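Structural overview
Single-letter residue listing:
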Amino acid sequence: MVVAAMLVLASLVQAQRPVMDVTQWRGPARDGVVPGLVVPAAWPEMLVQKWKLEIGAGYATPLLVGNRVYQFSRIGENETMTALDADTGKVVWQAGYPATFTINPATKAHGTGPKSTPVFFDGRLYSVGMTGTVTAWDAATGKQVWLKPGAGPDMQYTTHAFSPLVNAGHVIFHIGGHDKGALTAFDLNTGNVRWSWTGDGPGYASPIVADFDGVRQIITPTQTKIVGVDASTGTLLWERPLVHQFVSNSITPIVNGPTVIVAGTGPLFAFNVARRDGKWATEQVWENTELPLRFTTPVVSGGMLFGLSGRNSGQYYAIDVKTGKTLWTSEGRQAAHASVARANDLLLSLESDGEFVIARSSPAAFEQLRRYKVADSETWAQPAVSGNRIVVKDVTSLTLWTW
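Residues numbered from 1 in each chain as written. Predicted model: local features only at pLDDT ≥ 70, side-chain atom pairs only at ≥ 80, totals over all residues. Heavy atoms only, no water.

The helix and strand inventory of the protein stands at 0 helices and 33 strands. Computed over C-alpha atoms, the radius of gyration of the protein comes to 20 Å, within 12% of the 22 Å expected from 2.2 N^0.38 for 403 residues, which places it in the range of a compact globule. Counting only C-alpha atoms, the protein reaches 60 × 50 × 45 Å along its principal axes. Across the 403 residues that make up the protein, the buried fraction comes to 59%. Accessible surface computed for the protein: about 15,600 Å², of which carbon and sulfur atoms make up 52%. (Helix = DSSP H or I, 4+ residues; strand = E, 2+ residues; numbered from the N terminus. Rg over C-alpha atoms; globule rule 2.2 N^0.38 Å. Buried < 20%, exposed > 50% of the residue type's maximum accessible area, 1.4 Å probe, protein only. Areas by Shrake-Rupley, 256 points an atom, 1.4 Å probe, with all protein chains shown as cover.)

This paragraph deals with the packing of aromatic side chains. Counting across every chain of the model gives 14 aromatic pairs. Relative to Trp93, the ring of Tyr70 has its centre 6.3 Å away and its plane inclined at 45 degrees; by these criteria the two rings are tilted. Remark: Trp93 occurs in strand 6 (residues 91-98) and Tyr70 occurs in strand 4 (residues 68-75); sequence separation between them is 23 residues. On the basis of relative accessibility, which here comes to 6%, the residue Tyr70 falls in the buried class. (Phe/Tyr/Trp six-rings, centres within 6.5 Å; stacked < 30°, edge-to-face > 60°.)

Here we come to the nonpolar core. Judged by nonpolar contacts, the single largest core of 19 residues is most densely connected at Leu37, Leu47, Leu348, Phe356, Val374 and Ile390. Going through the elements one at a time, strand 27 (338-343), strand 28 (346-351), strand 29 (355-360) and strand 32 (389-393) are the ones with two or more residues in this core. Among the elements that make up this core, the one with the highest residue count is strand 28 (3 residues). Among residues more than four places away in sequence, those in contact with Ile390 are Leu47, Phe356, Pro383, Ala384, Val385, Thr399, Leu400, Trp401 and Trp403. Within the second largest apolar cluster, 16 residues are counted, among which are Val260, Phe271, Val273 and Trp280. (Core = buried A, V, L, I, M, F, W, Y, C linked by side-chain atoms within 4.5 Å. Contact = heavy atoms within 4.5 Å.)

Pairing in this open sheet of 4 strands is antiparallel, and the strands run 7-8-9-10 from one edge to the other. Of all strands in the sheet, those bounded by a partner on one side alone are strand 7 (119-121) and strand 10 (144-148). Taken over all neighbouring pairs, the strand axes of this sheet differ in orientation by 15 degrees on average, direction set aside. For strand 7 and strand 8 (residues 124-128), the ladder comprises 3 bridges, and the chain directions are antiparallel. Residue pairing for strand 8: Phe120 is matched across the bridge by Leu125. (Pairing = 2+ DSSP bridges. Axes fitted to C-alpha atoms, helices over the stretch in contact; angles between N-to-C directions.)

Below, the discussion takes up the sheet that holds strand 6. In space, the 4 strands of this open sheet follow the order 3-4-5-6, with antiparallel pairing throughout. In this open sheet, the two strands that pair with only one neighbour each are strand 3 (63-65) and strand 6. Neighbour-to-neighbour, the strand axes of this sheet turn through a mean angle of 20 degrees, independent of strand direction. The pairing of strand 5 (residues 78-85) with strand 6 spans 7 bridges and is antiparallel. Across the sheet, the residue bridging to Thr82 is Gln94, located in strand 6.

Bringing the pairing of strand 13 (residues 180-187) into the picture now. Along strand 13, 7 of the 8 residues are buried, which leaves the element largely enclosed by surrounding structure. Looking at chain direction, strand 12 (residues 170-177) and strand 13 are connected through 8 bridges and run antiparallel. Counterpart to Phe173 in the pairing with strand 13 is Thr184. Taking the residues that link successive antiparallel strands as the turn, the strand 12-strand 13 hairpin has 2 residues, and the phi of Asp179 there is positive, at about 65 degrees. Relative to strand 14 (residues 193-197), strand 13 runs antiparallel, the two sharing 4 bridges. Its bridge partner being in strand 14, Thr184 is matched across the sheet by Ser196. Hairpin connection of strand 13 to strand 14: 5 residues between the antiparallel strands, including Gly191 at a positive phi of 80 degrees.

Shape descriptors only; they carry no functional weight alone.
Have a look at this one:
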């Protein structure tokens, strides 16, 4: 049987939303593609800072929906959702709840979060905090529509860095902690649990949705595996080992045609998902042992996979997406981490040292076009890029730049 796989855009792209809105982790289809980027005839020497304000700690991606920016952050001991006017940076509303959290000393440098990016859908925001509290917020007023307190053990190092997704009337989170978790579908309107899969603790990477052989699946790294579950019931369809040395699987899977691409501590690898004689199975396609990944999820462009490897203190790379062969690597010492996205044939990379890089997606070499300084402190959150705007979250502040 021929297996066709594709990202399910219909359940992820907001109904009636402009394509340039940033409503969730890694963009409208959760694949790192930025639609509607306004590309100037020539990139300017400097970007224009429109506004900047203190917003609190955390690594959540800012969301940019219409003329609103939404930021999930920690202000004092509260996990806080803030809505701002995108033109002026003025606070429209701000709401939160107490969420005292003690971080593992091994990850103290990365702070007490929150680490998860919310999802915007149909006038509401859905978030999960460091203690596992799941909240639905009214995006117009900040009112809590429903809230589910966190429960279960902590994760081993940090906690709840995955970002939720919306599918078929459900919002999906992997709640729980080390060795005891539940991939859970909550009803969007009530917060009632519609299904859960309890086969492993959560990972730090985020789930995606894809169709394989006509079956919609939630694909997600967990604590020790990568799994595919039936999106309507939560039934486990297939699983593969995904081992990380520090029990912190952080790479969001990528679906390219019939192939899933992912990495743990070991090689970057690709596999196909197939159903044969009524049973689901996975088959390895390729692996690449040359480019160990740590935090940076790559992006597909023109038959190539681009990203930042942890080798040599950070090297950009390109891989042939069909064979896994390394096409090139850049010079080292680029960055400890980068949030990589694609707009047409351009690569957009916000490095963890506060520099925003624009490069060409070339099969021959790393072709940097411009490099801009957009923050004075570390930038571990994915930026929101829309039209000719980029919203950058650094350690405690939020800035909107234009060109």
